Structures are given as C-alpha cells and as structure tokens.
Amino acid sequence: MAAISLSVSTVKPLGDRVFVKVSASEEKTVGGILLPDAAQEKPQVGEISAVGPGKRNDDGSRQALDISVGDKVLYSKYAGTDIKLGGEEYVLLSEKDILAIVN
Amino acid sequence: MAAISLSVSTVKPLGDRVFVKVSASEEKTVGGILLPDAAQEKPQVGEISAVGPGKRNDDGSRQALDISVGDKVLYSKYAGTDIKLGGEEYVLLSEKDILAIVN
Amino acid sequence: MAAISLSVSTVKPLGDRVFVKVSASEEKTVGGILLPDAAQEKPQVGEISAVGPGKRNDDGSRQALDISVGDKVLYSKYAGTDIKLGGEEYVLLSEKDILAIVN
Amino acid sequence: MAAISLSVSTVKPLGDRVFVKVSASEEKTVGGILLPDAAQEKPQVGEISAVGPGKRNDDGSRQALDISVGDKVLYSKYAGTDIKLGGEEYVLLSEKDILAIVN
Amino acid sequence: MAAISLSVSTVKPLGDRVFVKVSASEEKTVGGILLPDAAQEKPQVGEISAVGPGKRNDDGSRQALDISVGDKVLYSKYAGTDIKLGGEEYVLLSEKDILAIVN
Amino acid sequence: MAAISLSVSTVKPLGDRVFVKVSASEEKTVGGILLPDAAQEKPQVGEISAVGPGKRNDDGSRQALDISVGDKVLYSKYAGTDIKLGGEEYVLLSEKDILAIVN
Amino acid sequence: MAAISLSVSTVKPLGDRVFVKVSASEEKTVGGILLPDAAQEKPQVGEISAVGPGKRNDDGSRQALDISVGDKVLYSKYAGTDIKLGGEEYVLLSEKDILAIVN
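Residues numbered from 1 in each chain as written. Chains lettered and ligands numbered in written order. Predicted model: local features only at pLDDT ≥ 70, side-chain atom pairs only at ≥ 80, totals over all residues. Heavy atoms only, no water.

### Re the overall build of chain A
Broken down by element type, chain A carries 0 helices and 11 strands. When the elements of chain A are put in sequence order from the N terminus, they spell out β-β-β-β-β-β-β-β-β-β-β. A burial count over chain A gives 44% of its 103 residues as buried. Accessible surface computed for chain A: about 5,000 Å², of which carbon and sulfur atoms make up 50%. (Helix = DSSP H or I, 4+ residues; strand = E, 2+ residues; numbered from the N terminus. Buried < 20%, exposed > 50% of the residue type's maximum accessible area, 1.4 Å probe, protein only. Areas by Shrake-Rupley, 256 points an atom, 1.4 Å probe, with all protein chains shown as cover.)

### Focus on the pairing of strand 5 (residues 44–51) of chain A
All names here are of chain A. Alignment of strand 3 (residues 17–23) against strand 5, held across 6 bridges, turns out to be antiparallel. Opposite Lys21, over in strand 5, you have Glu47 as the bridge partner. Pairing analysis gives 4 bridges linking strand 5 to strand 8 (residues 72–75), with the strands arranged antiparallel. Looking across to strand 8, one finds that Val45 is bridged to Leu74. (Pairing = 2+ DSSP bridges.)

### A few points about the packing of aromatic side chains
Residue and element names in this part refer to chain G. Applying the stated rule across the entire model yields 7 aromatic pairs over all chains. For the ring pair Phe19 and Tyr90, a centre distance of 4.8 Å and an interplane angle of 10 degrees mean the geometry is stacked. A residue pair is termed long-range when its members are at least 10 positions apart, and Phe19 in strand 3 (residues 17–23) and Tyr90 in strand 10 (residues 88–94) qualify at 71 residues. For the pair Phe19 and Tyr90, one class covers both residues: buried. (Phe/Tyr/Trp six-rings, centres within 6.5 Å; stacked < 30°, edge-to-face > 60°.)

### Description of the side chain of A:Asp16
All names here are of chain A. Within the secondary structure, Asp16 is located in the loop between strand 2 (12–13) and strand 3. What makes Asp16 buried here is its relative accessible area of 12%. For Asp16, the residues in contact, after removing those within four places along its chain, are Gly54, Lys55, Leu65, Leu93, Ser94 and Glu95. (Contact = heavy atoms within 4.5 Å.)

### Describing the interface of chain A and chain G
With 24 residues of chain A in contact, the opposing surface of chain G contributes 26 residues. Summing the contributions of chain A and of chain G, the shared interface buries around 2,300 Å²; its carbon and sulfur component is 57%. Notably, a salt bridge pairs A:Arg56 with G:Asp66, separated by 2.8 Å at the nearest N-O pair. Secondary structure elements with two or more residues in the side of chain A that touches chain G: strand 1 (4–5), strand 2, strand 9 (81–85) and strand 10 (88–94) of chain A. Per-element accounting of the side of chain A that touches chain G gives the leading share, 5 residues, to strand 9 of chain A. Grouping the amino acids of the side of chain A that touches chain G by side-chain chemistry returns 11 nonpolar, 6 polar and 7 charged. (Buried area = accessible area lost by both parts, 1.4 Å probe. Salt bridge = Lys/Arg side-chain N within 4 Å of Asp/Glu carboxyl O. Nonpolar A, V, L, I, M, F, W, Y, C, P; charged D, E, K, R; others polar.)

### Concerning the sheet that holds strand 5 (residues 44–51) of chain C
Ordered in space as 9(C)-10(C)-3(C)-5(C)-8(C)-11(C)-2(D), the 7 strands form an open sheet in which the pairing is antiparallel. Each of the sheet's edge strands pairs with one partner strand only, and the pair in question is strand 9 (81–85) of chain C together with strand 2 (12–13) of chain D. Across 5 bridges, strand 3 (residues 17–23) of chain C lies against strand 10 (residues 88–94) of chain C in antiparallel orientation. Bridging from a neighbouring strand, C:Val18 pairs with C:Leu93 of strand 10 of chain C.

### Quick word on the interface of chain A and chain B
Across the boundary between the two partners, chain A contributes 27 residues, which contact 24 residues of chain B. Of the roughly 2,300 Å² buried where chain A meets chain B, counting both sides, 57% is carbon and sulfur surface. Here chain A is connected to chain B by 2 salt bridges. Measuring nitrogen to oxygen at the nearest pair gives 2.9 Å for the salt bridge that ties B:Arg62 to A:Asp66. Our count for the contact surface shared by chain A and chain B stands at 7 residue pairs in polar contact (both at pLDDT 80 or more). Mapped onto the side of chain A that touches chain B, the elements with two or more residues apiece are strand 3, strand 4 (25–27), strand 5, strand 8 and strand 11 (98–101) of chain A. Top contributing element to the side of chain A that touches chain B by residue count: strand 11 of chain A, with 4 residues. Split into classes, the residues belonging to the side of chain A that touches chain B amount to 12 nonpolar, 5 polar and 10 charged. (Polar contact = N/O pair within 3.5 Å; in protein donor to acceptor, adjacent residues only side chain to side chain.)

### What to know about the pairing of strand 8 (residues 72–75) of chain C
Within a regular strand, side chains alternate between the sheet's two faces. Alignment of strand 8 of chain C against strand 11 (residues 98–101) of chain C, held across 3 bridges, turns out to be antiparallel. Following the sheet pairing, C:Val73 is matched in strand 11 of chain C by C:Ile101.

See the structure below:
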C-alpha cells in the first residue's frame, strides 16, 4: 500500500468546505494589555487556508463561499475534522460552521 | 502559531447570525420598586452588538434580518456559542433563537 | 453590565411567536357548579398578550397569525419558554404550539 | 390570576387539529353477542367534537380536513393531548394521527 | 360514555393507509411439500381488507394507492397499529410499509 | 386464518424496492487461487430476483430503477428485510441501499 | 448457493458513490524528512478506484461527480462501507463524505 503524501498546499476542499489553520486567540485592552480568559470560554479561531468551490444549487450552478483565503474566523467547537500537518493543527469545516469573521 | 487578536468591534457574524452582549434583566413596578425574580425563571436578555447580512435565499439574494444593532432581545437559553471578550460575556446566535425584542 | 428593564408591554415576539399570560382553568357545570379536575389532566391555558408579525414566506411576505391579542388559548405542555414578570407567569410560544382557541 | 372558563363547546381547534371525545369500543358478532378483547389490542376510538379550519398551503389557502364533526374515528395511541372536561375524556389530535373512520 | 361499535366492514382507512388482515405464510416445494421455516425469518403477510383514498398531492389532488382490496402483501415487521376484530388480527399500515405484493 | 402461499416467483416489490437472493462472495487471484477473507470485512452480495416499478415522482410518473433482474450487487449490511424461501435467503431492499453493481 | 466472484475491476458504484482504495498518509518536510503524526489525528486518505454516474436530479438527469478515478482524497472517518479485496482495503463512500482532494 503506497502512502499518499500530504502537505498543506495540496488540500483542496470540496463543496462548501473550508480548510482552516487553527490558531490561538488573544485579547488586548485599548491600552494594549493582554487579558487572560477562562479557557472554557475561549472561542475557536483560525485562518482560512483554502476554500471549496461552493455548494451546487439545484440548477447545477454553484453558490460561491462568503469567506476567502486569509480570513480570520471564529467557528463552532466540535465541528469538522481535525488534521495535523507539518506540526500544525488544521480543521476541515463546512462554511455553515463558521460563526463570524474576525479580521 | 501566531495568535489572532480578538476585540468586540472585529466580530462580523455570518449569515443570519447575531452577536449579542449578554445582560442582566431587572424589573420595576409601576412605582419603580425593583422586583426579585426566581433565578430559574429569569429570561436571557442582551443587546445586539452586530448582525450578519442574512441567510441566502434559493435565488442567491439575502433575507435581511428583522433585528438591528442596539435592539434589546430575549433569547433561548442554551442556544448559541458563548464568548468572553474584554471581561464581558457575549453570545453568537442565529436570528431564529431570538424570541422577542424588548426595547 | 447594565441591566435591561423588562415589562410586559415591551415584549414584542418575533416571527410566528406569541406571548401568553398563563392562566388557571376552571370548569362549571350548566348549573354553575365548579368541577374539580385531576391536576395531571388540566390543560394549559392562557391569554394572548402579544403576537409576532408572522413567519416569512419563501417570497419574503409574511403569513399573519390566526391568533389575536386577547384570545384565550389551550397550548402544549412543555412547549415554549417560561418567563415571570410582575409576579405573573408568561410563556413565549410558537403559534404551532397553540392547540385550540377557547374564547 | 383570573381563571379561564372551559367548556366543550368553546374548544375551537387550530390548523389541522381535531377535538375528539374519547370512547370505548365494543364489538358484536353477527348474532349480537359482545366479544371480549384483550385490552392491549383495543383500538383507541372516539367521536369528533370539533375540527380545525385545516393546514395552510404554501399559497396561504387552506386544505380542509377530510373528517367532519360526528365522525367516529380510530386514532394512534400516544398521539395528541389529553383533556378532561365535564367528567368526560377528550383528546386534541392532528388529523394525520387519525388512522381510519369507523362510522 | 357510549361505546362505539366496531366491525371489519366499517373500517375506512384515511390517506395512504391500508387495513390488512394478518395471515400466516406457508411455503410449498414444487412437489407440494410444506417447508418448515425458522420463525424469526418468517415474513409478515396479510390480505388487504380496505384501502384509503391516497395521500393528497401538493395541488390537493390525490395519489391513488398501488394496492387493491384482496391483494396479498408482505409488510414491515413493527410497522403500523395492531387491532383485533372478530377474533382475527388486523393491522393498519401506511402504503410505504408494504414491501411487496405476493398474489 | 388461511395461510398465504409464498414462492420466490410471486414476490413483486413495490416502489423502489428490489428482491435480492443473498449470495456468498468469493475472490480469486489472477492465477485463480481462492483468497480467504476476514468474515467481518466480507461484503454483502446477492443477485437481483425482482425489481419494483420505481418511486413515483412528484408529477405521478415513475423513476425506473437503475438495476435489473440478474444484476449482481453489493449492498449495505443491516439494510432491508430478511426472508427465507425454499431454503434460500432473500432480502427486500430499497434501491438506495444497493452500493454497487458487481457483474 | 453459488458464490459471486468479486474483483476490484467489477465494482461499479451506483448513484453518487465512489469506490476508494484506502491508503496510508505520509508527510515530508520541505527538506524531505518524514514526520511522525499522532495516530488519532491522521486523516483518512485513499485513491478513487471507480465513481458512480451521479445522483439523479429531480428532472431525471444526473449530477456528475466532481471527483475522478485516480484522485487522491481525504474522507470522513466512520463514513461508508469497508471491503477487503485482493488483500487490500477499500471503502464505498458517498461523494458528500469526501472532504478534500489532495492530489
């Protein structure tokens, strides 16, 4: 069984899926002081690495995604499929699991 | 892994989602006396901080939300995703989880 | 965190929701004698305090509710969200949880 | 909290709901002899006391019910909401829970 | 509470429902020898006693059933509502629970 | 209760159902050597004995099946209703439970 | 019961299904060093062996798949039906269970 080589640049999501690089979040006061947060209330954040072509409409056309590569996003905990590549954590999500853009 | 900076003003909800600042509710009699309520019957209330562009219709257009920034709302307990920012509690909800406006 | 002031008159239900003042039910014989009922078979009754504008149809128009303010209704036990205001019990329900009008 | 007066004649079901007076079933042989049945296989039977105006179609019109006041019906066990009025048992059902007419 | 008289001939199924007289199945070899079967693999078979007028289509017309009175059918175990009448077992089923005709 | 006689030739599936004779699968190497497989990874295979007329479309027409009598198929474990006839095992399946044709 | 002969080349998926040869994944750094991954975060990868003709649209036409024979794919753990043929592992999946192409 020949192994399939994986690298971040080769992952091309299908349909309305997006490939997200998981990130930590930090929060600064107006004065620039970093605020500690309770871990259990930390939102899941990440940066879009790749986006799918969008879901097909009933007439065969596609509904392009509202999210672009490079967008920073907040997404549903427990959603999607976790993948580790190059020592970094990634997650494959459906666009509907993206709650907000936080650019 | 570079951290993503979060602040309330950067949260832009997607689709039919709204970003709500959680609030306490108080109730006054006509004469202005504050009434104590049983905690378990206290409604969840908050103020809309940001609204999404609305869900897409089948023809690709969007159905604008019925709620606007600044509206005070009553929403379903257990709905949505809790987030703490700047020492305040927020929740990301779908518009359908908003039960009533209480401006 | 500033508290949001709640009073019955400010609750404006969204969509097909209605705001109902919970009531007790009583039953009289033709001759006016009050009948005791087994508590577990007592229907949930109440009076409509406020109604939403109705659900949106697919074309963006709204389907007005069949229930009006002042209607006395019988509704599904366990449905909706309970709220206590001014010492009285209220419930926020979807119109589909209203079983019958009992004016 | 003023009580709401209930009587059978005031119950007006909404949508596709029907108000049914629960009945016992009996079965006679051709010769008129009453047959005992195992209780667990006894069908739930009743007589229609009131019918709703029917469900709304997508175009806002209504689909009138196929059942009329006075019809004797066989319905799904466990379906609907039980109500006791005037010492009699009633049940509020959706028309889809009516299995057969047994006039 | 006056009892409702039930007899097989008065059961008129609604919608896409059918009224089926439960039967035993037997199996003969080409030479006419009766074969014993494992009880747990015996299909549920019966004969159609009455059929409903069919489900309503979206335009209000009806989709007539593909099954007629007298058809012998094989149906899903656990489907439907069992009824005993005149010492015989019957079952009220939706047409979709009929797997095959075995006339 | 008269028994209903069953034989393979009388089973006429309804709708999109198919009647499948369960089979064992075997696998040969290019050189013709029979390979043993782990039982738990053996696919369920069978041969189509009879096919239904197809599901009704919304306009009342039928969508003919993509499978024909005699096709050898691979199907979902746990799907369908098992039946034993003439000492052989059969299964009644919906066409959507057929995973692949393996003629 | 005659056995059905199975070989990889005879498996023709139906509808929107694909037949995938399960593979191991490996990951190399830019410098070509193979990285060990935690087993529980290893994505499921495989190569498409055969594709179905696509799901039928409501008008009877088919929606061709976006995936072709030879594509390397990342798919949902727990999805599909596992099959072992010729000493190799395969899986029959719906196209919607394919998360991304990783050619």
